[in-house]
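# Examination of the molecular architecture
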Amino acid sequence: MTFVQPAAIRPKFRVLRLTVRLLMAVLILVAVTGTFIDTANNGAVNPFNFFGYFTIQSNLFYAAALVAAVVIEARRERVGDLMLVARASITTYLVIVGSVYATLLAPLGVGSIAPAWANVMLHIVTPIFAVLQWLLAADRRRIPFRRLWLLLIYPFVWIVVVLIRGATDGWVPYPFLDPAAGYVVLAMYCAAILLAMLTVGSLVVLASRAPTLMRQTR
């Protein structure tokens, strides 16, 4: 059962939803830009390294998805199935970003390349916002579980690229993906990441079947 707002206030909720999404996209871009500038101030920036972080990529993907959602709703168009799966996938990635940072990186004292304020934005605020947005989103629909495998495409490709770079030029974005730890340990971490993606992705897909608090306004 969905909660239907009175017709008089529906436009206000629609404008608020569009504004919040657009503002969040801007804040993500500001955080990424601020991180880039801060990194550049400490030396030359290798763009392949900077944009190689899963956190940076996932946040940029989410900013793009938010802008796309704003455009689609502003045009009063229906959200396509692929766009819906993409948003579910990115939500999954951001949950992993927040969880990995909280459970693996922060406890180990691994510093982020981002300044403190941007670090909070990219690792904490964005993941929380993504979860709330998905749970409350008025423009999501039921996603069949047969499409769950699609969310593994990007992280699988990302892991392969990281492993190739780690074995060639020695750069790795996160210490638990360092080949120096041994390939057995590395394989275990990679398997754990993909399994975590499937687990969180399943919850995200399951959440797509739950009722929303607001209906899409037209």
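Summarised in this report is the structure supplied together with it.

### Observations regarding the overall build of the protein chain
A count of helical and extended segments in the protein chain gives seven helices and zero strands. Along the protein chain, from the amino end to the carboxyl end, the secondary structure elements read α-α-α-α-α-α-α. The buried share of the protein chain, taken over its 218 residues, is 44%. Contacts in the protein chain between residues far apart in sequence, at least 24 positions, make up 81% of those at least 6 positions apart. Taken as a whole, the protein chain presents about 11,400 Å² of accessible surface, with 73% of it coming from carbon and sulfur.

### Brief notes about the pattern of salt bridges
Oppositely charged side chains can pair when the atoms bearing their charge come close. Counting across every chain of the model gives seven salt bridges. The salt bridge involving Arg17 is made with Glu73; its shortest N-O contact spans 2.5 Å. Of this pair, Arg17 sits in helix α1 (residues 10–41) while Glu73 sits in helix α3 (residues 54–74), and the two are 56 residues apart along the sequence. Neither residue differs from the other here; Arg17 and Glu73 are each classed as buried. Its salt-bridge partner being Arg141, residue Asp81 comes within 2.7 Å of it at the nearest N-O pair. A residue pair is termed long-range when its members are at least 10 positions apart, and Asp81 in helix α4 (residues 81–105) and Arg141 in the loop between α5 (116–136) and α6 (153–168) qualify at 60 residues. A relative accessible area of 22% means that Arg141 is categorised as partly exposed.

Definitions and cut-offs
Residues numbered from 1 in each chain as written. Predicted model: local features only at pLDDT ≥ 70, side-chain atom pairs only at ≥ 80, totals over all residues. Heavy atoms only, no water. Helix = DSSP H or I, 4+ residues; strand = E, 2+ residues; numbered from the N terminus. Buried < 20%, exposed > 50% of the residue type's maximum accessible area, 1.4 Å probe, protein only. Contact = heavy atoms within 4.5 Å. Areas by Shrake-Rupley, 256 points an atom, 1.4 Å probe, with all protein chains shown as cover. Salt bridge = Lys/Arg side-chain N within 4 Å of Asp/Glu carboxyl O.

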